[in-house]
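Next come the chains, spelled out residue by residue.
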Amino acid sequence: MKVSRWSEVLGATRAATGTDDPTIRDAAWVARCVGRGAAAPLAAGDVAALAETLRPIELRAGQPLFGANADGGSGVWIIRAGHVELSVTSGRSRVVVGVLRPGDVEGDIPLLLGLALPYAARAVDRVTCLHLAPPDFEGLLARHPAIARRWLSSVAQRLAASHGRLIALLGRPLPAQLAGLLLDEADDESGDKVVRLPQRTLAAMLGVARPSLNKILKSFERRGHVEIGYASVRLLDTAALRRLRAI
């Protein structure tokens with residue numbers, strides 16, 4: 001949905017509720033993140049209903065969000081700022097299986113299926129997120145069809161993206177896998193694309209040793225494809241990385 005459309009929704013919500021509460025702004029932002037606006041536009045009442053159920057959570061780097069050693073139970077988490085690692089324990093090792101970024105949603109699919117979360121989550125850096133408790137989430141879907149349609153669209157998009165990533169990794173050489181991972185994980189910063197994740201996290205996501213990943217990153221840097229910084233990789237030549245991904 002275009003920003004102008006969301007300005008209209010937010011304006012209508014303010015008029016209907018008589019408030020400029022920041023939670024309302026968070027609710028509008030969440031709704032924009034979890035679906036395709038053109039397919040299911042939200043009315044002012046839907047946005048207000050979502051706002052009433054949100055609970056903001058602040059995390060420092062290294063603090064758990066859910067899973068082992070975390071205070072919170074089940075529910076739905078929407079990342080507002082920062083990055084969150086998803087990991088599982090394999091023997092004595094912790095393996096990162098994914099990274100949540102601003103706009104990402106987690107916990108809704110296991111909740112809908114009645115399953116336990118299969119991994120733990122902890123903040124990579126300072127994180128702000130929004131939480132929906134299970135009863136609030138289920139009530140929203142039951143009472144607000146527009147929100148339910150939007151969430152269904154979000155679930156379908158995320159499952160399709162996950163399936164596509166798995167297919168892309170099968171049988172690919174490590175440089176191709178790394179090129180694809182960098183392209184997928186890059187955030188836009190004033191027109192630049194930057195992956196703000198430490199090399200240990202990138203290595204764990206690919207299931208390789210950090211020295212092996214660093215060697216390939218250094219070769220990318222020598223060829224002018226990337227610039228390596230502290231816990232970051234700036235993409236300088238996305239076209240070259242796309243060609244490498246296709247190998």
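Just so it is clear, the structure is predicted and the values come from calculations on it, not from any experiment. (Residues numbered from 1 in each chain as written. Predicted model: local features only at pLDDT ≥ 70, side-chain atom pairs only at ≥ 80, totals over all residues. Heavy atoms only, no water.)

Before we go on, may I ask you to explain the pattern of salt bridges in this structure?
For the structure on display, the rule yields 8 salt bridges. A salt bridge links arginine 245 to aspartate 184; its shortest N-O distance comes to 3.7 Å. With arginine 245 in helix α10 (residues 238–245) and aspartate 184 in helix α7 (residues 174–185), the pair connects residues that are 61 residues apart, well separated along the chain. The class of arginine 245 is partly exposed, set by a relative accessible area of 30%. Given the relative accessible area of 33%, aspartate 184 is considered partly exposed. Its salt-bridge partner being arginine 234, residue aspartate 192 comes within 3.1 Å of it at the nearest N-O pair. With aspartate 192 in strand β10 (residues 192–195) and arginine 234 in strand β12 (residues 232–235), the pair connects residues that are 42 residues apart, well separated along the chain. Judged by its relative accessible area of 24%, arginine 234 is partly exposed. Residues participating in the shared-partner salt-bridge network are Glu85, Arg122 and Arg200. (Salt bridge = Lys/Arg side-chain N within 4 Å of Asp/Glu carboxyl O. Helix = DSSP H or I, 4+ residues; strand = E, 2+ residues; numbered from the N terminus. Buried < 20%, exposed > 50% of the residue type's maximum accessible area, 1.4 Å probe, protein only.)

Before we go on, may I ask you to explain the packing of α7 against α10 in this structure?
Between two packed helices, both the angle of their axes relative to each other and the distance between the axes serve to describe the pair. It is the contact of α7 with α10, at a shortest axis distance of 7 Å, that shows an interaxial angle of 135°. Judged on the interaxial angle alone, α10 and α7 are oblique. Seen along the crossing, α7 lies across α10 with a hand that is left-handed. Of the residues in α10, those in contact with Ala176, Ala179, Gly180, Leu183 and Asp184 of α7 are Thr238, Leu241, Arg242, Leu244 and Arg245. Of the residues that constitute the contact of α7 with α10, the class distribution is 5 nonpolar, 2 polar and 3 charged. (Axes fitted to C-alpha atoms, helices over the stretch in contact; angles between N-to-C directions. Parallel < 35°, antiparallel > 145°, perpendicular 65-115°, else oblique. Left-handed = near helix turned anticlockwise from the far one by under 90°. Contact = heavy atoms within 4.5 Å. Nonpolar A, V, L, I, M, F, W, Y, C, P; charged D, E, K, R; others polar.)

Quick question: what am I supposed to make of the side chain of threonine 201 here?
Considering the arrangement of structural elements, one finds threonine 201 in helix α8 (residues 199–206). When neighbours within four sequence positions are excluded, threonine 201 is seen to be in contact with Glu85, Val96 and Val99.

Would you mind showing me how to read a nonpolar patch on the surface here?
Together, Leu112, Leu113 and Leu115 make up an exposed nonpolar region whose accessible area comes to about 320 Å². When you line up the elements, leucine 112 lands in helix α4 (residues 108–113). (Patch = residues over 30% accessible without salt bridge, like charges linked within 9 Å, V, L, I, M, F, W, Y side chains within 5 Å. Areas by Shrake-Rupley, 256 points an atom, 1.4 Å probe, with all protein chains shown as cover.)

Looking at this structure, I do not really get α7. What am I missing?
Residues separated by three or four positions in an α-helix point in the same direction, a consequence of the helix having 3.6 residues per turn. With 12 residues, α7 should cover 16 Å at 1.5 Å per step; its first-to-last C-alpha distance of 16 Å lies within 8% of that length. Within α7, 9 of the 12 residues are buried, which leaves the element mostly enclosed by the surrounding structure. Of the residues making up α7, those classed as buried are Ala176, Gln177, Leu178, Ala179, Gly180, Leu181, Leu182, Leu183 and Glu185. (Expected span 1.5 Å × (residues − 1).)

Would you explain the sheet that holds strand β5 (residues 93–100) in this entry?
Sheets are built from strands that pair by backbone hydrogen bonding, the pairs being arranged parallel or antiparallel. What the 4 strands build is an open sheet, ordered β2-β7-β4-β5; its pairing is antiparallel. Each edge of the open sheet carries a strand with a single partner, namely β2 (64–66) and β5. The sheet shows a mean angle of 35° between the axes of neighbouring strands, direction not considered. Taken together, the 7 bridges between strand β4 (residues 84–90) and β5 define a ladder with antiparallel strand orientation. (Pairing = 2+ DSSP bridges.)

I keep staring at α10 and nothing clicks. Help me out?
Of all the residues in α10, the buried ones are Ala240, Leu241 and Leu244. Axial view of α10: buried residues confined to an arc of 100°, hence all on one face. Those residues of α10 that are buried are in contact with α7, α9 (210–222), β11 (226–229) and β12. (Arc of directions from axis to C-beta.)

The values reported here are purely geometric and, on their own, carry no functional implication.
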